[in-house]
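Chain by chain, the residues run as shown.
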Amino acid sequence: MALWCICGRAGSGKTTWLCQKIGEAMQNGRPSYLIVPDQYTLEAERELMGHLKTDGLCFAAHAPRGQAMAVSRMLLTLQEELPVYGRYTKSPQFAATLAGEIAEYKRFGISPEALAAAGGTRPHLMEIARVYQAYEAHLAGQYQDSEDKTDLCIDLIGQTDFLKGALVCIDGFEMLTKQVYRLVAALLCHCKDVCITFRMGKEHDADAPLFLTEQKHYDRVLTLATKHGIAHKTIMLSPKTPPRYAHSPALCALERKLFDFNAAPYKDAAQELTIVHAGNPWQEAEDCARQIFSLVKDHALRYRDIAVVSSEIELYGPLLRRALSLYDIPMFWDVKRRVSTHPAAQFVLNALRIVQNKRYARDVVRFVKSGFTRLSQEQAEQLQSWIRRFGLLSLSPTPPVSLEEEEQAAYLSVYHTLFDSLDALSRKLRCASCAKAQAEALVEYLEEDGFVARLQALVDETYLEDPEVAEQASEFFSLLGDLLRQIITVLGDKTLSPGDFATLLSSGLAAEEIGLLPGQNDAINAGSILRSKMGEIKVLFVL
């Protein structure tokens, strides 16, 4: 058994070293595994496949759902005990954020009692600890969240046969939590070889302080190995010219000297770098699209050789998509979309708001704008026109008195098309004796109103022309089904008000994100500078 620590700066070849090690091990018949953060799985698969002489490789990912709904349930139950956060107990976004915070506490091994002790006289921390404690009590002995399942997997590593004699490589983690340290310790005691990469330079480098966090992780992993009597070896990859910058000396110098404030000016030509000044974000996106078109047309590059990143991808993403479309350039937008912002989610959520809030006009407008109602485009525009024209705060079955007779008939037609099925849903939700009956009532409404059929039609219509839209719609439908099943399983016989049922479902949707895979092999990859891993590219645009 041995621990291999592969250290080096960005681009020094750490991942390549791991892939080569895995390739050698598999050629010798040794089982090998690569562990990477979720957002790096696609690029890790591509790079690893380049080093393996095999026909295929399977990466499995599991995305547990429902933690935010459980936290939302705890918030509603403890509302009277939360003077600081009590006002937010019906906020889906707050429940989703708090669920993420609780997951972080569990990854770092912080118990509710430890959080309460650290809170002292600070009421906001004490209230979070109270919700955390109730959440853990709710799960105890019956359910497991994603962190509990990870802990269970770590505990079972010592009982597995497939990891005996295996090579396990860990790559790309920015922060090693207590949970990851437990994983490393379990693997060290059970596997033949464990390889971990650390992004850091040498001690005497001018920017060495930048790597202090990585240095601490490195030291702690070595301490773990020593504690368990595991031999360890450190390989420092420090080529004079890293492989990534073999043809880009200016970029190599920039990477090494960016945070060296005493570095001498770079004297040679920096042909690899271009700085463009633009008057606004649209001009940036347009210039980027124009240069990409030129690179592909005049320099024989492929779209997949080019990537675009931004620290404000929510701002630049739509602008870039529009600019690239002017040149017929395909783009994959590597961002996770909030499920609650999807038009189909807006249909479901606003339907529940309407049956609670007595047809408030703002909820009705959002409901209609989702595009999934039974109204035609003309009827939807006419309804919004009436709301603006008469300043309606809510929709009534009685038409505004100043409408002409013909318009009154049109108003009644729109009203009954929109609200007859919603009124039936409202009655069923109020009469439902438990959460299971409420979930079944919602499913029945979605089927009878034709929502399910319209969503499936959208998938069928866009499957070939716009696979990204089709995949998002399919993912939403699957996710909604999972959340409703969890409500039935966990809260099936519990009594909920229609408002609490809507809050739980909203919290579940607010916590979920849809991440898509590229629909084609040759496309521009655009994403966040903080999240996206672009792999081996030849040109990078930073907006």
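The structure under discussion appears in the preceding block.
Residues numbered from 1 in each chain as written. Predicted model: local features only at pLDDT ≥ 70, side-chain atom pairs only at ≥ 80, totals over all residues. Heavy atoms only, no water.

Time to look at helix H12 (residues 313-326). Over its 14 residues, H12 runs 19 Å from end to end, which matches the ideal 20 Å to within 8%, given 1.5 Å per residue. Every buried residue of H12 is accounted for by Ile313, Tyr316, Gly317, Leu320, Ala323 and Leu324. Angular distribution of buried residues about the axis of H12 spans 140°; they occupy a single face of the element. Away from its buried face by more than 90 degrees, H12 exposes Glu314, Arg322 and Leu326. Where H12 is buried, its residues touch helix H11 (281-298), strand E6 (306-310), strand E7 (331-334) and strand E10 (524-528). Looking one or two places after H12, you find aspartate 328, whose phi comes out positive at around 55°. (Helix = DSSP H or I, 4+ residues; strand = E, 2+ residues; numbered from the N terminus. Expected span 1.5 Å × (residues − 1). Buried < 20%, exposed > 50% of the residue type's maximum accessible area, 1.4 Å probe, protein only. Arc of directions from axis to C-beta. Contact = heavy atoms within 4.5 Å.)

Of all hydrophobic cores here, the largest spans 59 residues; its most connected members are Leu383, Leu442 and Phe476. Formed by 30 residues, the second largest nonpolar core is a distinct cluster that contains Cys5, Cys7, Leu188 and Val221. (Core = buried A, V, L, I, M, F, W, Y, C linked by side-chain atoms within 4.5 Å.)

In this structure, aspartate 363 sits in helix H14 (residues 361-369). The buried category is assigned to aspartate 363, whose relative accessible area is 2%. Among all residues touching aspartate 363, those that are not within four sequence positions of it are Asn350, Arg353, Ile354 and Asn357.

Glancing now at the sheet that holds strand E11 (residues 539-542). Here four strands make up an open sheet; going across it, the order is E7-E10-E6-E11 and the pairing parallel. The open sheet is flanked by E7 and E11, the only strands paired with a single partner. Along the sheet, successive strands turn relative to each other by an average axial angle of 20°, direction set aside. Docked against the sheet, H12 engages E6, E7 and E10, running at close to 170° with respect to E7. (Pairing = 2+ DSSP bridges. Axes fitted to C-alpha atoms, helices over the stretch in contact; angles between N-to-C directions.)

Along the chain, tyrosine 415 turns up in helix H16 (residues 405-431). Look at tyrosine 415 and you get buried, because its relative accessible area is 5%. When the C-alpha atoms of tyrosine 415 and lysine 202 are compared, they prove to be 71 Å apart, with 213 residues separating the residues in sequence. Non-local contacts of tyrosine 415, meaning those with residues more than four positions away in its chain, are made with Arg359, Leu395, Ser396, Pro397 and Asp420.

Along its 15 residues, helix H13 (residues 343-357) runs 20 Å from first to last C-alpha, staying within 8% of the 21 Å computed at 1.5 Å per residue. Every buried residue of H13 is listed here: Ala344, Ala345, Phe347, Val348, Leu349, Asn350, Ala351, Leu352, Ile354 and Val355. Summarising the contacts, the buried residues of H13 are in contact with H14, H16, helix H17 (435-448), helix H18 (451-462), helix H19 (467-491) and helix H20 (498-511). Of the residues trailing H13, lysine 358 is marked for its positive phi of about 60°.

Glancing now at the sheet that holds strand E1 (residues 2-8). The parallel open sheet is built from five strands, whose spatial order is E2-E3-E4-E1-E5. On the outer flanks of this sheet lie strand E2 (32-35) and strand E5 (231-237), each paired with one strand and no other. Pairs of neighbouring strands in the sheet enclose a mean axial angle of 15°, with direction left out of account. Relative to strand E4 (residues 193-199), E1 runs parallel, the two sharing seven bridges. Residue pairing across strands places cysteine 7 opposite phenylalanine 198, the latter belonging to E4.

To continue, consider the packing of H19 against H20. Two elements in contact, H19 and H20, have axes separated by 10 Å at closest approach and are oriented at 130°. Here H19 lies oblique to H20, going by the angle between them. Here the hand of the crossing between H19 and H20 comes out right-handed. In this structure, H19 contributes Phe476, Leu479, Leu480, Leu483, Leu484, Ile487 and Leu491 to the contact, and H20 contributes Phe501, Leu504, Leu505, Gly508 and Leu509. Per-class residue counts for the contact of H19 with H20 are eleven nonpolar, one polar and no charged. (Parallel < 35°, antiparallel > 145°, perpendicular 65-115°, else oblique. Left-handed = near helix turned anticlockwise from the far one by under 90°. Nonpolar A, V, L, I, M, F, W, Y, C, P; charged D, E, K, R; others polar.)

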